[in-house]
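# Structural overview for review
The primary structure of each chain is shown beneath.
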Amino acid sequence: MATPTARPRGAGLAAQPVAAQPWFKSTQRVLGRDWPVAYVFILPTVLLLFGLVGYPFARGIYLSFHNAVGIREGNFVWFDNYQNLWSDDFFIRAVWTTSKFTLFSVVAKFCLGIMTALLLHNAPKWGSVLGGLILLPFIIPEVVRALAWRVLLDPIFGALNYMLVHVLHVMPTGIAWLG
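Values in this document were obtained by computation on a predicted structure and should not be read as measured data. (Residues numbered from 1 in each chain as written. Predicted model: local features only at pLDDT ≥ 70, side-chain atom pairs only at ≥ 80, totals over all residues. Heavy atoms only, no water.)

## Concerning unusual backbone geometry
Excluding glycine, residues mostly carry a negative phi; peptide bonds, for their part, are mostly trans. With phi around 55°, Trp78 is a residue other than glycine that occupies positive phi space. Here Trp78 shows up in the loop between helix H3 (35-64) and helix H4 (80-86). A positive phi is found at His169, a non-glycine position, where the angle reads about 55°. Of note, His169 is situated in the segment after helix H7 (159-167). (Helix = DSSP H or I, 4+ residues; strand = E, 2+ residues; numbered from the N terminus.)

So, in structure tokens, the structure goes:
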């Protein structure tokens, strides 16, 4: 009697398209139906963050284990740099001063914020106006920053166009950056 031909395990799953696979269906239920496209959109951000933060951080850790002077990388010294750093009196004083400043400034800001919030909460008629006036200094730096960028990127009198056209001679005329 002939035995039926046995199919290898998983042969039916391999022949199916990826979208029909059970694991793909379950990930679509959890992550949404467009999750594979998200990688295309998130990749530039991940690469930019790695280039601006990740690589310099990893390079700094790598160089901390070497005897590096300037741009020259010396021999591998393990933890000698860290031992020398913690034996330096100036570094210990700097860490102590930074720790004290951070602790006191956080505590002072927290206490001042709580006291102000309690005073404003119990303020009668003009409490919302007073609250807006107190928060005004936190809003103004953003406005000043936006205006400074607007002046720098001005198409006629902006510093960026002046540098690119008259100093570096990269472009014949300026660009309307915010246009």
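## Some thoughts on helix H5 (residues 89-121)
Every α-helix carries 3.6 residues per turn, so stepping three or four residues along brings you back to the same face. For H5, which comprises 33 residues, the first-to-last C-alpha distance of 48 Å matches the rise-based estimate of 48 Å (1.5 Å per residue) to within 8%. The backbone nitrogen of Phe90 lies 3.4 Å from a side-chain oxygen of the residue at the head of H5, namely Asp88. (Expected span 1.5 Å × (residues − 1). Polar contact = N/O pair within 3.5 Å; in protein donor to acceptor, adjacent residues only side chain to side chain.)

## Things to note about the side chain of Asn161
Topologically, Asn161 is positioned in helix H7. There is a polar contact of 3.4 Å between the side chain of Asn161 and the backbone oxygen of Asp154. In this structure Asn161 touches Asp154, Pro155, His166, Met171, Gly174, Ile175 and Trp177, once residues within four positions along its chain are discounted. (Contact = heavy atoms within 4.5 Å.)

## What to know about the confidence of the model for the protein chain
Reading predicted coordinates in detail is not appropriate for stretches of low pLDDT. Per-residue confidence for the protein chain gives a mean pLDDT of 85; residues scoring 70 or more make up 92%. The weakest mean pLDDT in the protein chain belongs to helix H1 (residues 11-15) at 56; the strongest belongs to H5 at 92. (pLDDT = per-residue confidence, 0-100.)

## Description of H7
For H7, the set of buried residues is Asn161, Leu164 and Val165. Buried residues along H7 cover an arc of 85° about the axis, so they all sit on one side. Of the residues trailing H7, His169 is marked for its positive phi of about 55°. (Buried < 20%, exposed > 50% of the residue type's maximum accessible area, 1.4 Å probe, protein only. Arc of directions from axis to C-beta.)

## Focus: the packing of aromatic side chains
What characterises a pair of aromatic rings is the spacing of the ring centres plus the angle enclosed by the ring planes. In total, this model carries 9 aromatic pairs according to the counting rule given. Between the aromatic rings of Trp35 and Tyr39, the centroid separation amounts to 6.0 Å while the plane-to-plane angle is 80°, which identifies the pairing as edge-to-face. In this pair, Trp35 and Tyr39 are both assigned in helix H3, 4 residues apart and thus about one turn of the helix distant. When its relative accessible area of 16% is taken as the criterion, Trp35 is described as buried. Looking at Tyr39, the relative accessible area reads 54%, which means it is exposed. Through successive ring pairs, a cluster of aromatic residues spans Phe65, Phe76, Trp78, Phe79 and Tyr82. (Phe/Tyr/Trp six-rings, centres within 6.5 Å; stacked < 30°, edge-to-face > 60°.)

## Quick word on the environment of Phe57
By the element assignment, Phe57 lies in helix H3. For Phe57, a relative accessible area of 59% translates into the label exposed. Put simply, Phe57 and Ala148 are 91 residues apart on the chain and 30 Å apart in space, counted from C-alpha to C-alpha.

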